[in-house]
Amino acid sequence: MLTYVTGSLWETLDAHVRGVEIARCGWGSKEVLSGISECLDIPSIWLCGPDGGFPPILQRIFLPKGTATPIIYNGTVVATKYETLTAEYLLIMGVHPTDLTAPRKTQAEQAFETLDEVLESAGFTFANVVRTWLYMDKILEWYDEFNDARDAFFQKKGVFTSGFIPASTGIGSGNTLGSAVAIGALAMRPKQEDAKISVKMVDSPLQCSALEYRKSFSRAAEITSQEGRTLLISGTASIEPSGKTIHIDDPEKQIELTMQVVKAILESRGMDFKNAIRAIAYIKRPEYRVYWQNWLKQNNLPVTFAEEVYADVCRDDLLFELELDAFSAK
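No experiment lies behind these values; they were computed from the predicted model shown.

Calculation rules
- Residues numbered from 1 in each chain as written.
- Predicted model: local features only at pLDDT ≥ 70, side-chain atom pairs only at ≥ 80, totals over all residues.
- Heavy atoms only, no water.
- Helix = DSSP H or I, 4+ residues; strand = E, 2+ residues; numbered from the N terminus.
- Rg over C-alpha atoms; globule rule 2.2 N^0.38 Å.
- Areas by Shrake-Rupley, 256 points an atom, 1.4 Å probe, with all protein chains shown as cover.
- Lys, Arg positive; Asp, Glu negative; His and termini not counted.
- Charge placed at Lys NZ, Arg CZ, Asp CG, Glu CD.
- Buried < 20%, exposed > 50% of the residue type's maximum accessible area, 1.4 Å probe, protein only.
- Axes fitted to C-alpha atoms, helices over the stretch in contact; angles between N-to-C directions.
- Parallel < 35°, antiparallel > 145°, perpendicular 65-115°, else oblique.
- Left-handed = near helix turned anticlockwise from the far one by under 90°.
- Contact = heavy atoms within 4.5 Å.
- Polar contact = N/O pair within 3.5 Å; in protein donor to acceptor, adjacent residues only side chain to side chain.
- Pairing = 2+ DSSP bridges.
- Right-handed = clockwise from strand over helix to strand, strands pointing away.

1. Considering the overall build of the protein chain
Working step 1: Within the protein chain, the secondary structure is distributed over six helices and 17 strands.
Working step 2: A globule of 330 residues ought to have a C-alpha radius of gyration of about 20 Å, and the protein chain, at 18 Å, matches this closely.
Working step 3: For the protein chain, the spread of C-alpha atoms along the principal axes amounts to about 45 × 45 × 45 Å.
Working step 4: Surface exposure of the protein chain reaches about 14,400 Å², of which carbon and sulfur atoms provide 49%.
Working step 5: Between the averaged position of the 33 positive side-chain charges in the protein chain and that of its 43 negative side-chain charges there is a distance of 5 Å.

2. Quick word on unusual backbone geometry
Working step 1: The phi torsion at His247 lies on the positive side, around 65°, for a residue other than glycine.
Working step 2: Tracing the chain through its elements places His247 in the loop between strand 14 (228-236) and helix 5 (251-268).
Working step 3: Of the residues examined, His247 reaches a relative accessible area of 30% and is grouped as partly exposed.
Working step 4: One non-glycine residue, Asn300, lies in the positive phi region at around 55°.
Working step 5: Tracing the sequence through the fold places Asn300 in the loop between helix 6 (289-298) and strand 16 (307-310).
Working step 6: According to the relative accessible area criterion, Asn300 is exposed, its value standing at 71%.

3. Observations concerning the packing of helix 5 against helix 6
Working step 1: The interhelical angle for the contact between helix 5 and helix 6, taken along N-to-C directions, is 45°, at an axis separation of 9 Å. With respect to each other, helix 5 and helix 6 are oriented oblique. In this structure, helix 5 meets helix 6 at a crossing whose hand is right-handed. Where helix 5 approaches helix 6, its residues Pro251, Glu252, Ile255, Glu256 and Met259 are matched on the opposing element by Tyr291, Trp292 and Trp295.

4. Some thoughts on the side chain of Glu21
Working step 1: Note that Glu21 resides in strand 2 (residues 20-27).
Working step 2: Among the polar contacts made by the side chain of Glu21, one reaches the side chain of Arg60 at a distance of 2.9 Å.
Working step 3: With residues up to four places along the chain from it excluded, the contact list for Glu21 reads Ile42, Arg60, Ile61 and Phe62.

5. Re the pairing of strand 15 (residues 276-283)
Working step 1: Buried residues dominate strand 15, accounting for six of its eight residues.
Working step 2: With seven bridges joining them, strand 15 and strand 17 (residues 320-329) adopt antiparallel strand pairing. Its bridge partner being in strand 17, Ile283 is matched across the sheet by Phe320.
Working step 3: Across four bridges, strand 15 lies against strand 16 in parallel orientation. Looking at the pairing, Ala281 lines up with Glu308 of strand 16.
Working step 4: Handedness of the crossover is the feature at issue here: the chain leaves strand 15, passes through helix 6, returns alongside strand 16, and the resulting connection is right-handed.

6. Remarks on the sheet that holds strand 9 (residues 167-172)
Working step 1: Strand order in the open sheet formed by six strands is 5-6-7-11-8-9, and the pairing between neighbours is mixed. Every interior strand has two partners, whereas the edge strands, strand 5 (68-73) and strand 9, have only one. The average undirected angle you get between the axes of adjacent strands in this sheet is 15°.
Working step 2: Alignment of strand 8 (residues 129-136) against strand 11 (residues 181-190), held across seven bridges, turns out to be antiparallel. Bridging across to strand 11, Val129 finds its partner in Ala187.
Working step 3: Each of strand 5, strand 6 (76-83), strand 7 (87-95), strand 8 and strand 11 touches helix 3 (residues 104-121); the most contacted strand, strand 7, lies at about 150° to it.
Working step 4: The strands that helix 4 (residues 139-156) touches are strand 8, strand 9 and strand 11; relative to strand 8, the one it contacts most, it runs at about 145°.

So far we have only geometry, and geometry alone does not tell us how the molecule works.
Structural data, given as structure tokens:
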């Protein structure tokens, strides 16, 4: 199981963790991130909020033991390949379009093609991808165009007929390169066909499938191995079973419903919030943070339960989103 170290950017950089660092993801202004975002030998993604003004945060991901192999694409380290007893994994961070001057939809198409090439260069295919992170600059201006590009790529790769659609987060965030989109992904493949490891989609008990309102991701994905079960919950927001936004203009109620949905997904897999190993809360406005902190207090969870990022969600009327990973040992 991976180790996640998150928190204040500079304090996190100074943290000493046993193991091999395999990826970084930072949020902050271009000025703050510029000092640590160059010449790294691990895959990294550097994100800027709608106004670049939220506190800088850094998430570092470590492999507690084992060997990590960097994957280089066009002279840049974009992924890390690592192994467990039963599977090979590829953690990809910071895939960008090839032409940053192209129209945004074209940039999305290029980014997916680049992602595919990175996978193939490491001996994987898109069929091995279990989760994606999709960060779109000015998401509210072109989210439909982005979805068209993703759908076309998924159609080309046979995703819709494969029986498995990756979990995902799609959030509004710029990046230090200035591209329209930046992509991260996690891929997994068993070492042997009969290996005791599998991956499956997990439904949300309180929501419909995202496919019903033409969004191509699963609510969650679960990896089962000899070590236990890892649940990867997609970015989750205040969406009712019909697929519509609920509790418009009420951040407190949107947070409450979002967390009810996440809790229901966890409980459907025999887990609860104590099983969480990583979480990120995307908050549309800084002033909404107080409602999130109140919810944590009321539910006896620490203020450090999730990293907090100020960002646009995929709909202008969605005020909060949470992604979460959880683990249950055998």
